[in-house]
Amino acid sequence: MTQVEDDSRAMRLDRDSFAQGYFKNAVYRHWDPYEIEGLAGDKERFLDEEPSKAEFEEFRTAVSRFGAGEEAVTEDLMPLALVLEDINDQMFISSQIYEEAKHTQFFDRYWREVIDPVAEELGYEKTNPTAQRYFNDHYVALFDKTEAAMERLLTEDTPENRARAYCHYHLTVESVLAQTGYYGFTSAFSPGGSDEVAKREWPDMDGIVNGITKIRSDEGRHVGFGMHKVRTLVQSGEVDEAVVQETLQDLMPHVAGTVGDFGDAINPAPLVGYARDKLTRRLDIITDADAEVPPVDDLVDLGDDTVAAD
Ligand SMILES: [Fe+2]
Ligand SMILES: [Fe+2]
């Protein structure tokens with residue numbers, strides 16, 4: 001509800017709230033998905049490398065899943081924006097919805113400017129990023145469950161359901177799944193990550209890595225917000241930590257099933273291991289009373305590390 005008159009606060013915004021700090025960081029870190037450089041270079045390098053049909057199909061699958069995932073999270077955040085009462089929280093979520101839209105834009109652009117032209121020049125079938133062939137049952141189940149958990153807030157806004165929503169959206173989709181995907185791309189197409197992931201050595205693909213670097217930095221902030229919220233619900237005693245554990249455990253097989261069905265260009269085992277490790281670390285920060293969510297500047301500053309929000 002709009003609060004024009006409100007004796008409970010002097011100023012409209014609480015600069016000391018974590019959400020307002022996150023909002024400030026989001027504004028400061030703004031970037032433009034239409035200006036990401038390196039896409040033309042990626043196209044040239046793919047043409048030089050001549051990936052096999054199977055290798056190229058796996059790359060397309062990964063890009064397609066990312067694009068669809070960003071579109072889904074852009075849509076699915078709206079219920080949370082409607083139920084959050086605090087203006088500082090609302091401002092942060094507004095910035096997050098805008099950022100998810102930018103992520104969706106970047107992957108759409110990549111398909112048009114890199115994937116399609118490469119497919120055409122190598123004589124492979126041109127495909128749609130929306131084609132059913134790119135989405136396995138685990139992927140579909142994960143995103144269906146996340147959409148349902150977010151929509152449930154509109155009819156039953158309880159502390160448990162908020163915790164479940166954050167566990168689906170921020171902890172599983174944005175943190176575990178997306179960060180595992182970034183790790184895969186970074187490992188294959190940049191000097192970072194692990195040499196175990198890609199089955200052959202690729203040249204650096206600056207276009208996809210430049211975009212993903214910006215996106216990962218945003219995601220560090222998003223995941224931090226969700227972690228902060230779930231941790232507060234659990235540490236205040238409002239929500240039993242079993243709710244968090246059960247939700248994450250229910251979703252983990254879907255994450256493993258989504259990152260695990262590669263094999264021609266990508267070794268799935270290191271990715272599945274990475275995802276499991278990530279999930280365990282998330283759970284530790286939420287359930288351990290002495291643990292802390294890192295400061296926002298650390299969450300978004302990737303440095304030489306491969307993944308934000310450790
Ligand atoms: Fe995103
Ligand atoms: Fe996000």
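Given the structure is predicted, the values throughout are model-derived calculations rather than measurements.

**Looking at the overall build of the protein chain**
Then, in step 1: Counting its regular elements, the protein chain contains eleven helices and zero strands.
Then, in step 2: Helices and strands appear in the protein chain in the N-to-C order α-α-α-α-α-α-α-α-α-α-α.
Then, in step 3: Relative to a compact globule of 310 residues, whose C-alpha radius of gyration would be 19 Å, the protein chain shows 20 Å and is just as compact.
Then, in step 4: Sequence-distant contacts in the protein chain: of pairs separated by 6 or more residues, those separated by 24 or more amount to 79%.

**Considering unusual backbone geometry**
Then, in step 1: For Glu50, which is not glycine, the phi torsion reads 45° and is therefore positive.
Then, in step 2: Position of Glu50 among the secondary structure elements: in the loop between helix 2 (39–49) and helix 3 (53–76).
Then, in step 3: Residue classification places Glu50 among the exposed residues on the basis of 11 C-beta atoms within 10 Å.

**Concerning the nonpolar core**
In a soluble, globular protein the nonpolar side chains are often hidden away together inside.
Then, in step 1: Judged by nonpolar contacts, the single largest core of 76 residues is most densely connected at Tyr110, Val230, Val255 and Ala275.
Then, in step 2: With 15 residues, helix 7 (residues 159–189) is the largest single contributor of residues to this core.
Then, in step 3: With residues near it in sequence (within four places) discarded, Ala275 still touches Val176, Thr180, Val255, Ala256 and Val259.

**Some points on helix 1 (residues 18–28)**
Then, in step 1: Here helix 1 has its buried residues at Ala19, Tyr22, Phe23, Asn25 and Ala26. In an axial view of helix 1, the angular spread of the buried residues amounts to 160°, which keeps them on one side of the axis. Away from its buried face by more than 90 degrees, helix 1 exposes Val27 and Tyr28.
Then, in step 2: Structurally, helix 1 contributes buried residues whose contacts are with helix 5 (87–122), helix 8 (206–235) and helix 11 (296–300).

**Description of the packing of helix 6 (residues 137–155) against helix 9 (residues 241–259)**
Then, in step 1: Following both chains from N to C, one finds helix 6 and helix 9 inclined at 140°, their axes separated by 8 Å at the closest point. It follows that helix 6 is oblique to helix 9 by the angle criterion. The way helix 6 lies across helix 9 gives a crossing that is left-handed. Facing helix 6, whose interface residues are His138, Tyr139, Ala141, Leu142 and Lys145, helix 9 presents Leu251, His254, Val255, Gly257 and Thr258.
Then, in step 2: Looking at the contact of helix 6 with helix 9 residue by residue, the class counts come to five nonpolar, four polar and one charged.

**Quick notes on helix 5**
Then, in step 1: Taking 1.5 Å per residue, 36 residues should reach 52 Å; helix 5 reaches 52 Å between its end C-alpha atoms and fits that length.
Then, in step 2: The largest bend along helix 5 measures about 35° and falls at Trp111.
Then, in step 3: After helix 5 finishes, the residue Gly123 shows a positive phi value of roughly 80°.

**Some remarks on the environment of Asn210**
Then, in step 1: Within the fold, Asn210 resides in helix 8.
Then, in step 2: Taking the C-alpha atoms as reference points, Asn210 and Ile97, separated by 113 residues in sequence, lie 21 Å from one another.
Then, in step 3: What Asn210 contacts, discounting residues up to four positions off in sequence, is Ile36, Glu37 and Gly38.

**Notes on the packing of helix 3 against helix 7**
Then, in step 1: The geometry of helix 3 relative to helix 7 is characterised by a closest axis approach of 12 Å and an angle of 155° between their N-to-C directions. The angle between the axes of helix 3 and helix 7 places the two elements in the roughly antiparallel class. Where helix 3 crosses over helix 7, the two elements pack in a sense that is left-handed. On helix 7, the residues that touch Ala62, Phe66, Gly69, Val73 and Asp76 of helix 3 are Tyr169, Val173, Glu174, Ala178, Gly181 and Gly184.
Then, in step 2: Of the residues assigned to the contact of helix 3 with helix 7, the class counts are six nonpolar, three polar and two charged.

**With respect to the confidence of the model for the protein chain**
Then, in step 1: The predicted model of the protein chain has a mean per-residue pLDDT of 93, with 96% of residues at 70 or higher.
Then, in step 2: Across residues 304–310 the pLDDT falls below 50, and counting only partners more than four positions away or on other chains, this stretch makes 20 contacts in the model.

Rules behind the numbers
Residues numbered from 1 in each chain as written. Chains lettered and ligands numbered in written order. Predicted model: local features only at pLDDT ≥ 70, side-chain atom pairs only at ≥ 80, totals over all residues. Helix = DSSP H or I, 4+ residues; strand = E, 2+ residues; numbered from the N terminus. Rg over C-alpha atoms; globule rule 2.2 N^0.38 Å. Contact = placed C-beta atoms within 7 Å. Buried ≥ 20, exposed ≤ 12 C-beta atoms within 10 Å, placed from the backbone. Core = buried A, V, L, I, M, F, W, Y, C linked by C-beta atoms within 7 Å. Arc of directions from axis to C-beta. Axes fitted to C-alpha atoms, helices over the stretch in contact; angles between N-to-C directions. Parallel < 35°, antiparallel > 145°, perpendicular 65-115°, else oblique. Left-handed = near helix turned anticlockwise from the far one by under 90°. Nonpolar A, V, L, I, M, F, W, Y, C, P; charged D, E, K, R; others polar. Expected span 1.5 Å × (residues − 1). Bend = angle between axes of the 7 residues up to and from the residue. pLDDT = per-residue confidence, 0-100.

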